[in-house]
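Residues per chain, in single letters:
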Amino acid sequence: MLLDTIEQDTGPNPQWTVLWLHGLGADGHDFAPIVPELVRRSWPAIRFVFPHAPVRPVTINGGMHMRAWYDITSFEFGDLAQRADRAGVAESVAQVEALIAREAERGIPASRMLLAGFSQGGAVTLAAGLARKTPLAGLIALSTYLPMTAEQAQAALQPGANAQPLFMAHGLFDPVVPVAAGDASTKTLRGLGFDVAWQHYPMQHQVCGEEIRALGEWIEARLAVPAR
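Residues numbered from 1 in each chain as written. Predicted model: local features only at pLDDT ≥ 70, side-chain atom pairs only at ≥ 80, totals over all residues. Heavy atoms only, no water.

Describing unusual backbone geometry
And step 1. Unlike most non-glycine residues, Ser 119 shows phi in positive territory, near 55°.
And step 2. Among the structural elements, Ser 119 can be located in the loop between strand S6 (113-118) and helix H4 (120-131).
And step 3. Relative accessible area serves as the criterion here: at 9%, Ser 119 is assigned to the buried category.
And step 4. The backbone of Ser 143 shows a phi angle near 50°, a positive value even though the residue is not glycine. (Helix = DSSP H or I, 4+ residues; strand = E, 2+ residues; numbered from the N terminus. Buried < 20%, exposed > 50% of the residue type's maximum accessible area, 1.4 Å probe, protein only.)

Here's what the structure looks like:
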């Protein structure tokens, strides 16, 4: 079954889609307010799709049930093979793929689609990006990390997946996902051949105006690339 979503169209008959995954404990409403701040008047009409993650128990929060893309078993980032529930990550990647397929049915091919995510949603974005057999127009991963080891990422990488441009940004003072985790993930992805635009800002686990402006410039460059 498809995940429930919130949708915002910036104009009639959208020809592009941005699929945006929220963070742990939030829901699809979390990033909907960013649309007016991000979108520029010169852009073509875009459909923003904000899905709600399933509700599941989360180990680091005492087993509390909340919206989560996967279970997190440890606060530590030293062992990425154990921190993230790989079965949960795979399940969420499959749910993302179902939403991507629905967009294709509505006339938006992968070449006119961006996949974005914040924190845990960004981790799923990176995992989904590695597994893409048909490249998307771009990947956006904010305040997040690659939920696997470099060796697992290499094994998951599909031919041509590294053709997807990637925007990553992080807060220098992030107490939830340390900037070192984002930096290490950036290095791993660059080692796999991804073109990563890596930004960091003097903030915590959040987004800021400067980051949104930089992301807008990056998206504008993607919109200018002829669809494959």
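Remarks on the nonpolar core
And step 1. Grouped together as the largest cluster of nonpolar side chains are 47 residues, with contacts concentrated most on Leu 19, Tyr 70, Leu 130 and Leu 189.
And step 2. If you list the elements that add at least two residues to this core, you get strand S2 (16-21), helix H3 (86-105), S6, H4, strand S7 (138-142), strand S8 (166-171), helix H6 (179-191) and strand S9 (196-201).
And step 3. Considering each element in turn, this core owes the most residues, six residues, to H4.
And step 4. The contacts of Leu 130, once residues within four sequence positions are left out, are Leu 146, Met 148, Ala 153, Ala 156, Leu 157, Gln 158, Ala 161, Leu 189, Leu 192 and Phe 194. (Core = buried A, V, L, I, M, F, W, Y, C linked by side-chain atoms within 4.5 Å. Contact = heavy atoms within 4.5 Å.)

Looking at the pairing of S7
And step 1. Of all the five residues making up S7, five are buried; the element is thus mostly covered by neighbouring parts of the structure.
And step 2. Burial along S7 is two-sided: the face carrying Gly 138, Ile 140 and Leu 142 and the face carrying Leu 139 and Ala 141 are both buried.
And step 3. Examined bridge by bridge, S6 and S7 share five bridges and lie parallel to one another. Paired with Ala 116 across the strands is Ile 140, a residue of S7.
And step 4. This β-α-β element, S6 to H4 to S7, shows right-handed connectivity.
And step 5. Two strands pair when backbone bridges link them, and S7 and S8 are joined in this way by four bridges, in the parallel orientation. Bridge assignment links Ile 140 to a residue of S8, and that residue is Phe 167.
And step 6. Handedness of the crossover joining S7 and S8 through helix H5 (residues 150-156) is recorded here as right-handed. (Pairing = 2+ DSSP bridges. Right-handed = clockwise from strand over helix to strand, strands pointing away.)

Looking at the sheet that holds S8
And step 1. Ordered by their spatial adjacency, seven strands build an open sheet running S1-S3-S2-S6-S7-S8-S9, and the pairing between neighbours is mixed. With partners counted over all chains shown, the strands left at the sheet margins are strand S1 (5-9) and S9, one partner each. Looking at each pair of strands side by side, their axes are set apart by 15° on average, direction ignored.
And step 2. With six bridges joining them, S8 and S9 adopt parallel strand pairing. (Axes fitted to C-alpha atoms, helices over the stretch in contact; angles between N-to-C directions.)

Some details on the pattern of salt bridges
Side chains that differ in charge, positive against negative, can pair when their charged atoms come close.
And step 1. This structure, assessed with the given rule, holds 11 salt bridges.
And step 2. Across the pair Glu 7 and Arg 102 runs a salt bridge whose closest N-O atoms are separated by 3.1 Å. In this pair, Glu 7 is assigned in strand S1 and Arg 102 in helix H3, connecting sequence segments 95 residues apart.
And step 3. One salt bridge connects Glu 7 with Arg 106, and the closest N-O pair in it is separated by 2.8 Å. Pair noted here: Glu 7 is in strand S1 and Arg 106 is in the loop between H3 and S6, with a separation of 99 residues, a long-range link.
And step 4. Within the structure, one salt-bridge network assembled from shared partners comprises Glu 7, Asp 9, Arg 47, Arg 102, Glu 103 and Arg 106. (Salt bridge = Lys/Arg side-chain N within 4 Å of Asp/Glu carboxyl O.)

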